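# Structure assessment
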Amino acid sequence: MSRDICVHTWPCSYYLELEKRWIPGKLSLTPLSLKFMTDKTGEILVNFPLSSIIEIKKEASHFIFSSITILEKDHVKHWFSSLQPSRNVVFSIIEHFWRELLLSQPGAAVEGSSSPATKGKELTCLMACSQKRLEDTTRVLHHQGEQLDSIARGLDKMESDLDVADRLLTELESPSWWPFSSRLWKVPSETKRSAGASVASSKASGREGIVIRIPAVISQRTESRVKPGKFTVLVSGLEIHDSDSLLMHRFEREDVDDIKVHTPYEVSIRQRFIGKPDIAYRLISAKMPEVIPVLEVQFSKKIELLEDAWMFGSTATASPAEKGYSVWLADPEETEGSCLGCRDGAGETG
């Protein structure tokens, strides 16, 4: 089920209050929960839903060791340190999923409820989600139909130009005293004017329409530096903006060489070059399951589902509920995070 899919796992240390010591292990994030498992025994020391979190902060133990603290509703405070690849990366991703869960529909993050009212809400959410995806697919197909019409107009123009060229060749082969020569030489200019009008009309066909836009955590070339921003799917390409809505990069549809779906919540986009570095971005978002079906329609020959994403692809056919348990709502605001250094060692709190 998509709610149980691991979004990301990070090596770190957890401070065990009862024993007053740090325990090495791995911190795992799912769309609805957070858990810590020890390296030595594989025991799960911490496992709580994101909906129970009151506050996530960046702190320091002994004012030296960089840490992340998470406060639950029952005022239980958890300390995580020695985070890899960096504290900022882990903080940004966890905060993103926590904020998106808070902004989702009330009750969407409640697990284990079997009441008829809750089931009815889930079915209603699934219907709304399916309708939205069908609308997105319809817009993409409509744009592709416009492209086919534009290609047909281009072929008509080529045929018209060939007719003009044939008449011009006939004129060149005709005697100088041929009475219709002056009229034939005026045909190309008229053809160019009409062709220019058709090209202008095709360019004004609204090809910059937005299909879907989601908040995301963005990294480029390296996973150690991330920033919050927005990911936009257009009918003509893809755009990545930072938290200030400034354009970081735009991929035209023909420029995208491959899209890899690492998990239902993480994708990477690459444009290859010869003789210089490729342009590649990695995006993580709680609402990525809404975008992947649109990418599959627009880039069917360039998208690749990796091993961890096959589960998402197979469950999508069996049950829409597995594809998106929480129907994430659109949010124009992005999360904020500061870039602080990472400490690879372990420390103790006072």
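Just so you know, these numbers come straight off a predicted model, no measurement behind them. (Residues numbered from 1 in each chain as written. Predicted model: local features only at pLDDT ≥ 70, side-chain atom pairs only at ≥ 80, totals over all residues. Heavy atoms only, no water.)

## So, the sheet that holds strand E8 (residues 210-220)
If you walk across this open sheet you meet the eight strands as E11-E10-E9-E8-E14-E13-E12-E15, and the pairing is mixed. Of all the strands in the sheet, just strand E11 (247-252) and strand E15 (303-305) have a single pairing partner and so form its edges. Each strand axis lies, on average, 30° off the axis of its neighbour in the sheet, ignoring direction. Of the strand pairs in this sheet, strand E12 (residues 258-263) and strand E13 (residues 266-271) are connected by five bridges, and their pairing is antiparallel. Paired with Ile259 across the two strands is Ile269, which belongs to E13. With respect to the sheet, helix H1 (residues 87-103) is in contact with E8, strand E9 (226-234) and strand E14 (279-284), its orientation differing from that of E8 by roughly 150°. (Pairing = 2+ DSSP bridges. Helix = DSSP H or I, 4+ residues; strand = E, 2+ residues; numbered from the N terminus. Axes fitted to C-alpha atoms, helices over the stretch in contact; angles between N-to-C directions. Contact = heavy atoms within 4.5 Å.)

## With respect to the nonpolar core
Grouped together as the largest cluster of nonpolar side chains are 33 residues, with contacts concentrated most on Leu27, Leu29 and Phe97. Of all the secondary-structure elements, those providing two or more residues to this core are strand E1 (8-16), strand E2 (21-29), strand E3 (33-38), strand E4 (44-49), strand E5 (53-61), strand E6 (65-72) and H1. For this core, the leading source of residues is H1, giving eight residues. Excluding residues within four positions of it along the chain, Leu27 makes contact with His8, Thr9, Trp10, Cys12, Leu34, Lys35, Phe36, Phe80, Val90 and Ile94. Counting 28 residues, the second-largest nonpolar core is a separate cluster that includes Val140, Phe251, Leu283 and Leu305. (Core = buried A, V, L, I, M, F, W, Y, C linked by side-chain atoms within 4.5 Å. Buried < 20%, exposed > 50% of the residue type's maximum accessible area, 1.4 Å probe, protein only.)

## Considerations on the pattern of salt bridges
On inspection of all chains with the given rule, the structure shows 12 salt bridges. As a salt-bridge pair, Lys26 and Asp39 come within 3.4 Å of each other at their nearest N and O atoms. Of this pair, Lys26 sits in strand E2 while Asp39 sits in the loop between E3 and E4, and the two are 13 residues apart along the sequence. What makes Lys26 partly exposed here is its relative accessible area of 39%. Residue Asp39 is classed as partly exposed on the basis of its relative accessible area of 45%. (Salt bridge = Lys/Arg side-chain N within 4 Å of Asp/Glu carboxyl O.)

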